[in-house]
Amino acid sequence: MSVETLLFDPKVVTEFSRKQQEPEWMLQFRLQALQDAAKLPLPKVEKTNINRWNFTNFIPYTEEAPVEGLSQLPEEIRELIFDGEEANVLVQKNSSVIFRQAAEQLAEKGVIFTDLATAAREHEELVKKYFMTEAVKKDEHKLTALHAALFSGGVFLYVPRNVELEMPLQSLFWLSGAETGMLPHILIVAETSSRVDFVANYVAERDSQAAVSNSVIEVFVGQNAQVRVATINNLSQSAVDVTYRRSIVHKDGRLEWIVADLSDGRVISDNTTHLQGEGGNVNVKTVAVGTGEMRANITSSIHHWGRHTASDINARSVMTDEASSILNSITKIEKGASKSDGQQSGKVLMLNPKARGDANPILLIDENDVSAGHAASVGRIDPLQLYYLMSRGIPRKQAEKLIIFGFLDAVISEIPSDTLQKRIHRVIERKFQS
Amino acid sequence: MSTSPKLTIKDLRVSIDDREILKGVNLEVKGGEVHAIMGPNGTGKSTLASALMGHPRYEVTGGEVTLDGQDVLEMEVDERARAGLFLAMQYPSEVSGVTNSDFLRSAINAKRGEGNEISLMKFIRQLDEKMALLEMDEKFAHRYLNEGFSGGEKKRNEILQMMMLQPRIAILDEIDSGLDIDALKVVAKGVNSMLSPELGVLIITHYQRLLNYIKPDFVHVFMQGRIVKSGGPELAERLEAEGYDWVKEELGIEDETVGLKA
């Protein structure tokens with residue numbers, strides 16, 4: 001294939017990979033993916049037409065200066081990081097990791113918490129084993145291929161056997177400037193009987209016009225391990241925000257996805273979990289809050305492979321102005337996954353006659369001896385609830401706010417930091433004010 | 001506001017879906033008074049309660065309502081509440097994700113106004129005190145508003161709100177229905193603890209039983225969408241003993257309802 005037909009210049013990719021001293025296989029992987037990206041179609045997302053969204057027009061790499069400490073970050077960015085000086089956190093601006101801080105005990109316990117390029121140099125075998133091999137493959141569609149070709153920064157988090165971490169680990173991805181691209185790859189490996197909480201914040205400055213975020217999160221939950229991953233995306237109106245989250249859960253492993261989609265632009269938010277081992281369990285909680293002309297397609301998929309596996313999807317969305325969101329919930333119980341249980345609930349609250357929402361529950365069951373259920377609702381604020389709250393003296397606006405936050409509480413209250421919960425409240429409040 | 005409260009209802013007419021339910025209600029409730037409105041089902045009693053509070057389904061087509069001289073019908077629902085009107089509802093809504101205590105604090109602060117919010121300590125102290133009086137488990141404060149509450153728990157919760165919000169005029173809409181005698185006594189204890197010249201009470205019920213525990217000063221019989229007869233507590237006793245037929249006979253009423261279950 002000639003250079004002209006590729007979406008990005010392979011020289012730029014090669015240069016970037018070399019500068020980071022990536023292993024040769026990683027460079028070759030990128031270059032192959034770049035070729036795939038030109039040929040592969042866009043993903044099929046149920047009920048949303050994404051053909052005209054901007055996925056390819058962005059500057060893939062921009063060099064950003066590192067910062068010495070959290071205090072050097074702008075207020076609106078810093079406030080998303082909790083635990084203050086104690087925070088175990090990695091901060092990425094556009095394509096560059098600009099700050100990393102981790103408690104010494106982490107390394108002493110054998111925990112690896114670093115950016116992906118460093119991990120590829122220092123822990124090559126581990127990265128090679130898990131990076132885009134089993135969970136997300138580079139040639140699934142144009143967007144995974146583009147990600148594989150151009151990913152930058154990101155996180156490698158490795159938690160050894162029997163290590164239980166009390167404090168959540170955090171990462172913050174900061175999109176800045178016009179037509180910028182941000183493509184972090186997060187790879188989490190939790191070994192047998194380990195436990196970890198991870199938070200990823202994606203935030204854009206107001207000047208980040210026409211920016212593109214294309215992020216992948218791969219999570220491997222080992223036997224009897226317990227992992228919670230919370231992602232909060234808050235990108236600007238003109239940004240395209242793509243996040244593919246994928247996990248493989250082994251025997252008796254437990255995973256929790258907490259997904260908050262607060263971006264106001266174009267959003268593809270996908271979380272897919274394979275309950276591979278017997279007795280695995282996944283709990284998915286998603287919220288979306290849309291204002292302006294936000295368009296979001298939010299898909300939660302569970303594949304039950306192992307026996308006695310259990311899943312629960314609780315998806316909620318609040319749409320106002322002319323925003324529109326599709327909540328797809330897909331539970332697939334494969335043949336042989338007997339005694340499994342899959343539950344799902346999707347609820348959409350529309351605050352404006354021009355806002356749109358759809359909850360689309362799909363249960364696919366190929367095994368007899370299972371239980372499954374779903375509930376879906378799409379509607380407006382219940383006028384009787386509003387009347388009830390107002391009848392106690394609460395003004396209409398505030399009563400609506402109570403109902404909306406109450407509706408979202410099922411998900412937000414699960415975010416593993418009170419501080420972060422409060423800040424998300426504030427972010428949502430600001431959205432409704434503007 | 002230290003003056004005694006006064007709710008005045010003059011020739012109130014209310015429709016639902018273009019059907020007139022209230023056909024000229026006249027009533028005055030003042031501080032220190034307990035009024036009971038009694039009547040068979042379907043006569044419009046609960047419509048009166050809902051219309052006074054401003055329920056979105058009801059349309060006022062005529063008459064006037066004032067509280068302390070202010071036009072209630074011109075006010076939004078929340079303004080009515082802040083002016084001192086309270087309705088203990090027959091079927092209160094459930095609101096998921098909003099705890100009882102957050103809700104109550106928001107309501108109290110809405111009334112007190114910005115910059116004059118109740119301190120958390122004071123709020124908790126008051127809440128604990130009133131919940132103890134109503135024999136409510138502490139955990140109710142942290143449960144979502146009415147979600148999963150039994151009928152009796154919801155009624156107690158309504159009275160708790162009334163006690164916390166300290167209204168000037170309280171309307172109790174069938175607060176006794178579905179309550180066993182013990183729960184009824186607790187609810188009555190809550191209401192009685194609030195009786196003072198600063199509060200006027202309007203009780204809507206079709207059982208005389210409640211009036212054994214909350215003594216009314218005035219009893220009104222409701223039929224065909226209006227008050228057809230008024231008297232003292234003895235009227236309630238006679239209704240309990242003899243039913244409503246004698247009233248109908250006396251007034252020449254054949255069908256007491258308004259053609260709709262209220």
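These numbers were taken from a predicted model, which means no experiment stands behind them.

## Notes on the overall build of chain B
Phase 1: Check the secondary structure of chain B and you find eight helices and 12 strands.
Phase 2: Scaling as 2.2 N^0.38, a compact globule of 262 residues should have a C-alpha radius of gyration of about 18 Å, and chain B matches this with 18 Å.
Phase 3: Projecting the C-alpha coordinates of chain B onto the three principal axes gives extents of approximately 60 × 40 × 35 Å.
Phase 4: A fraction of 74% describes how many contacts in chain B between residues 6 or more apart in sequence connect residues 24 or more apart.

## Focus on the overall build of chain A
Phase 1: Along the backbone of chain A there are 10 helices and 20 strands.
Phase 2: Here chain A has a C-alpha radius of gyration of 21 Å; the compact-globule value for 434 residues is 22 Å, and the two agree.
Phase 3: Put simply, chain A has 434 residues, and 52% of those count as buried.
Phase 4: Taking the intrachain contacts of chain A between residues at least 6 apart in sequence as the baseline, contacts between residues at least 24 apart amount to 81%.

## With respect to the interface of chain B and chain A
Phase 1: Taken together, the contacts link 21 residues of chain B with 21 residues of chain A.
Phase 2: Secondary-structure elements contributing two or more residues to the side of chain B that touches chain A are α2 (77–83), β7 (95–99), α3 (100–112) and α5 (151–165) of chain B.
Phase 3: With five residues, α3 of chain B is the single largest residue contributor to the side of chain B that touches chain A.
Phase 4: Among the residues making up the side of chain B that touches chain A, the classes are represented as 12 nonpolar, six polar and three charged.

## Structural notes on the UniProt feature "domain: SUF system FeS cluster assembly SufBD N-terminal" (unreviewed entry) in chain A
Phase 1: According to UniProt, the positions carrying the feature "domain: SUF system FeS cluster assembly SufBD N-terminal" (unreviewed entry) are residues 89–170 of chain A.
Phase 2: Here residues 89–170 of chain A runs as 34% helix and 26% strand, with 5 Å between its end C-alpha atoms.

## Re helix α6 (residues 181–194) of chain B
Within an α-helix, residues lying three or four positions from one another point in the same direction, as the helix has 3.6 residues per turn.
Residues and elements named next belong to chain B.
Phase 1: The first and last C-alpha atoms of α6 sit 20 Å apart over 14 residues, in line with the 20 Å expected at 1.5 Å per residue.
Phase 2: The set of residues buried in α6 consists of Leu184, Val187, Ala188, Gly190 and Val191. Looking straight down α6, one finds that the buried residues subtend no more than 155° of arc, so they occupy a single side.
Phase 3: Looking at the packing, one finds that the buried side of α6 touches α4 (120–133), α5 and β10 (200–205).

## Describing the UniProt feature "domain: SUF system FeS cluster assembly SufBD core" (unreviewed entry) in chain A
Phase 1: According to UniProt, the "domain: SUF system FeS cluster assembly SufBD core" (unreviewed entry) feature falls on residues 174–407 of chain A.
Phase 2: Structurally, residues 174–407 of chain A is divided into 9% helix and 59% strand, and its ends, taken at the C-alpha atoms, are 28 Å apart.

## Overview of the environment of Glu63 of chain A
All names here are of chain A.
Phase 1: In this structure, Glu63 sits in the loop between α2 (24–39) and α3 (75–78).
Phase 2: With 9 C-beta atoms counted inside 10 Å, the residue Glu63 sits in the exposed group.
Phase 3: Taking the C-alpha atoms as reference, Glu63 lies 8.1 Å from Asn94; in sequence the two are 31 residues apart.

## Some points on the packing of α4 of chain B against α5 of chain B
All names here are of chain B.
Phase 1: Axis separation between α4 and α5 bottoms out at 10 Å; the angle between their running directions is 135°. With respect to α5, the element α4 is oriented oblique. As for the relative orientation of α4 and α5, their crossing is right-handed in sense. Judged by residue contacts, Gln126, Leu127, Lys130 and Met131 of α4 engage Leu160, Met163 and Met164 from α5.
Phase 2: Tallied by class, the residues present in the contact of α4 with α5 amount to five nonpolar, one polar and one charged.

## Remarks on the nonpolar core
General note: in soluble globular proteins, nonpolar side chains tend to be found buried as a group.
Phase 1: Of all hydrophobic cores here, the largest spans 201 residues; its most connected members are Ala149, Leu157 and Ile188 of chain A together with Ala88 and Ile171 of chain B.
Phase 2: When residues in this core are grouped by element, the largest group, eight residues, is from helix α9 (residues 396–412) of chain A.
Phase 3: Discounting chain neighbours no more than four positions away, the residues touching Ala88 of chain B are Glu158, Ile159, Met162, Ala170, Ile171, Leu172, Asp173 and Ile175 of chain B.

## Section: the pairing of strand β9 (residues 169–173) of chain B
Phase 1: β9 of chain B sits mainly inside the fold: five of its five residues count as buried.
Phase 2: As a crossover connection, the stretch from β9 of chain B through α6 of chain B into β10 of chain B is right-handed.

## Notes on the confidence of the model for chain B
Phase 1: When pLDDT is averaged across chain B, the result is 94; 98% of the residues are at 70 or more.
Phase 2: ipTM for the predicted complex: 0.96, alongside a pTM of 0.88.

## Structural notes on the sheet that holds strand β6 (residues 85–88) of chain B
Residue and element names in this part refer to chain B.
Phase 1: The six strands are arranged β6-β9-β10-β3-β11-β12 in an open sheet whose pairing can be described as mixed. Each end of this open sheet is capped by a strand with a single partner; those strands are β6 and β12 (226–231). Neighbour to neighbour, the strand axes of the sheet diverge by 20° on average, direction disregarded.
Phase 2: Here β9 pairs with β10 via five bridges, running parallel. Paired with Ala170 across the bridge in β10 is Val201.

## Observations concerning the sheet that holds strand β18 (residues 341–350) of chain A
All names here are of chain A.
Phase 1: The 10 strands lie next to each other as β2-β1-β5-β8-β10-β12-β14-β16-β18-β20, forming an open sheet whose pairing is mixed. Every interior strand has two partners, whereas the edge strands, β2 (96–101) and β20 (371–380), have only one. Neighbour-to-neighbour, the strand axes of this sheet turn through a mean angle of 10°, independent of strand direction.
Phase 2: For strand β1 (residues 88–93) and strand β5 (residues 169–175), the ladder comprises six bridges, and the chain directions are parallel. From the neighbouring strand, Val89 faces β5, where its bridge partner is Gln170.

## Remarks on helix α10 (residues 418–433) of chain A
Residues and elements named next belong to chain A.
Phase 1: In a regular helix each residue adds 1.5 Å, so 16 residues correspond to 22 Å; α10 covers 23 Å between its end C-alpha atoms and thus fits that length.
Phase 2: Listing the buried residues of α10 in full gives Leu420, Ile424, Ile428 and Lys431. The buried residues of α10 occupy one face: seen down the axis, they fall within an arc of 80°. In this structure, α10 carries Asp418, Arg426, Arg430 and Gln433 as exposed residues pointing more than 90 degrees from its buried face.

## Description of unusual backbone geometry
Phase 1: A positive phi angle is found at Asp83 of chain A, which is not glycine, with a value near 70°.
Phase 2: With phi around 55°, Glu135 of chain B is a residue other than glycine that occupies positive phi space.
Phase 3: Inspection of the secondary structure assignment puts Glu135 of chain B in the loop between α4 and β8 (144–145).
Phase 4: Judged by the 13 C-beta atoms lying within 10 Å of it, Glu135 of chain B falls in the partly exposed class.

Parameters and conventions
- Residues numbered from 1 in each chain as written.
- Chains lettered and ligands numbered in written order.
- Predicted model: local features only at pLDDT ≥ 70, side-chain atom pairs only at ≥ 80, totals over all residues.
- Helix = DSSP H or I, 4+ residues; strand = E, 2+ residues; numbered from the N terminus.
- Rg over C-alpha atoms; globule rule 2.2 N^0.38 Å.
- Contact = placed C-beta atoms within 7 Å.
- Buried ≥ 20, exposed ≤ 12 C-beta atoms within 10 Å, placed from the backbone.
- Nonpolar A, V, L, I, M, F, W, Y, C, P; charged D, E, K, R; others polar.
- UniProt positions renumbered as here; feature names shortened; annotations may be inferred.
- Expected span 1.5 Å × (residues − 1).
- Arc of directions from axis to C-beta.
- Axes fitted to C-alpha atoms, helices over the stretch in contact; angles between N-to-C directions.
- Parallel < 35°, antiparallel > 145°, perpendicular 65-115°, else oblique.
- Left-handed = near helix turned anticlockwise from the far one by under 90°.
- Core = buried A, V, L, I, M, F, W, Y, C linked by C-beta atoms within 7 Å.
- Right-handed = clockwise from strand over helix to strand, strands pointing away.
- pLDDT = per-residue confidence, 0-100.
- Pairing = 2+ DSSP bridges.

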